[in-house]
Amino acid sequence: MLTIEHLTKTYGGSAHKAVDDLNLTLKAGEIYGFLGPNGAGKTTTIKIVTGILQYGEGKITVCGHDLRSDTIEAKRHIGYVSDSHILYDKLTGREYVNFLADIYGVDVATRKKRAEALLEKFELTNAYDSQIKTYSHGMKQKINIIGALIHDPDLWILDEPMTGLDPQSSFCLKELMRAHCEAGKTVFFSTHVLEVAEKICDRVGIIVKGKLLLEGTLDEIKAAKGDQSLEEVFLSVAGAEETAVHTEKAGEHA
């Protein structure tokens, strides 16, 4: 579904690698949690996979389509929920969803059926014809999710998707994520909410300082780390890397 090979990204003017030789393979039918502290490279990776950012070294394949040489076809298979709610806020919710449906070639009957079901689930029906600029933070997240799902993507990518959602909406989102995978599709999402990742993910990867340090099913990770909770594993892995970095820097100045 998604293959990332030796991906490296360095921002101009910086010697630091935001993503450092990253290798990932996501399979159909799984929820993959992408975990890491702030600045670890999660959002950079996601923006590269969705085509928002260019990258230097590496290869990315989405549903068999090379992101660099077959960009449009690769993007057709992706639905993306960003962490920043960058929306066309002068459009109504309906206009925004129809705009995305037009881009992805979703016929009128299909988009109507999908949108109505999602609007009801997220209790957004009454606001559908209001301008997005009048929406609350949580409502913007909901319309963002609906827009990302209107073409029923094979690869659904979400960056911190629970931000701004009330408990009921968060529950609905988790249900949608699981249903998406049960339909043979894939969910790739970043989160700081480790309890959510522990409950719904089939596999997780922990990235720190641009490097993937640990990956596997929760059972595999717990077995490797002495049956710790995901939170304990995360803190031990991220903390050890931070300590190593500070030690190295101290050695440079000794």
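An account of the accompanying structure is given in this report.

What counts and what doesn't
- Residues numbered from 1 in each chain as written.
- Predicted model: local features only at pLDDT ≥ 70, side-chain atom pairs only at ≥ 80, totals over all residues.
- Heavy atoms only, no water.
- Helix = DSSP H or I, 4+ residues; strand = E, 2+ residues; numbered from the N terminus.
- Buried < 20%, exposed > 50% of the residue type's maximum accessible area, 1.4 Å probe, protein only.
- Contact = heavy atoms within 4.5 Å.
- Core = buried A, V, L, I, M, F, W, Y, C linked by side-chain atoms within 4.5 Å.
- Axes fitted to C-alpha atoms, helices over the stretch in contact; angles between N-to-C directions.
- Parallel < 35°, antiparallel > 145°, perpendicular 65-115°, else oblique.
- Left-handed = near helix turned anticlockwise from the far one by under 90°.
- Nonpolar A, V, L, I, M, F, W, Y, C, P; charged D, E, K, R; others polar.
- Phe/Tyr/Trp six-rings, centres within 6.5 Å; stacked < 30°, edge-to-face > 60°.
- Lys NZ or Arg CZ within 6 Å of the ring centre and 35° of its normal.
- Pairing = 2+ DSSP bridges.

Attention now goes to the side chain of Asp 20. Along the polypeptide, Asp 20 turns up in strand 2 (residues 17-26). Exposure remark for Asp 20: the relative accessible area of 18% places this residue in the buried category. When near neighbours in sequence (up to four residues on either side) are disregarded, Asp 20 contacts Leu 7, Thr 8, Gly 210 and Lys 211.

Below, the discussion takes up the nonpolar core. If you look at the biggest cluster of nonpolar residues, it comprises 51 residues, and the most contacted ones within it are Ile 143, Trp 156 and Met 177. With sequence-adjacent residues up to four places away left out, Trp 156 is seen in contact with Gly 79, Val 81, Ile 145, Ala 148, Leu 149, Leu 173, Leu 176, Met 177, His 180, Thr 186, Val 187 and Phe 188. Among the nonpolar cores identified, the runner-up in size contains 24 residues, and Leu 2, Val 19, Ala 40 and Val 62 belong to it.

Moving on: the packing of helix 3 (residues 93-103) against helix 5 (residues 137-149). Orientation of helix 3 relative to helix 5, taken along the N-to-C sense of each, is 25 degrees, at an axis distance of 8 Å. One finds that helix 3 runs roughly parallel with respect to helix 5. Crossing angle aside, the handedness with which helix 3 passes helix 5 is right-handed. Between helix 3 and helix 5, the residues in contact are Gly 93, Tyr 96, Val 97 and Leu 100 and Ile 143, Asn 144, Ile 146 and Gly 147, respectively. Classifying every residue of the contact of helix 3 with helix 5 gives five nonpolar, three polar and no charged.

By the definition in use, this model includes three aromatic pairs. Pairing Tyr 88 with Phe 99 gives two aromatic rings, centres 5.5 Å apart and planes at 85 degrees, and the pair type is edge-to-face. In this pair, Tyr 88 is assigned in the loop between strand 6 (78-81) and helix 3 and Phe 99 in helix 3, connecting sequence segments eleven residues apart. Three or more aromatic residues link up through ring pairs in this structure, and these residues are Tyr 32, Phe 34 and Phe 188. In this structure, Arg 68 packs its charged tip against the face of Tyr 55, placed 4.0 Å from the ring centre.

This paragraph deals with the sheet that holds strand 2. Two modes of strand pairing occur in sheets, parallel and antiparallel, and in both the strands are linked by backbone hydrogen bonds. Judged by pairing direction, the sheet is antiparallel, and its four strands sit side by side in the order 2-1-4-5 without closing on themselves. Looking at the sheet topology across the chains shown, the edges are occupied by strand 2 and strand 5 (65-66). For strand 4 (residues 57-62) and strand 5, the ladder comprises two bridges, and the chain directions are antiparallel. Looking at the pairing, Val 62 lines up with His 65 of strand 5. Running over the sheet, helix 1 (residues 42-49) touches strand 1 (2-10), strand 2 and strand 4 and is turned about 115 degrees from strand 1.

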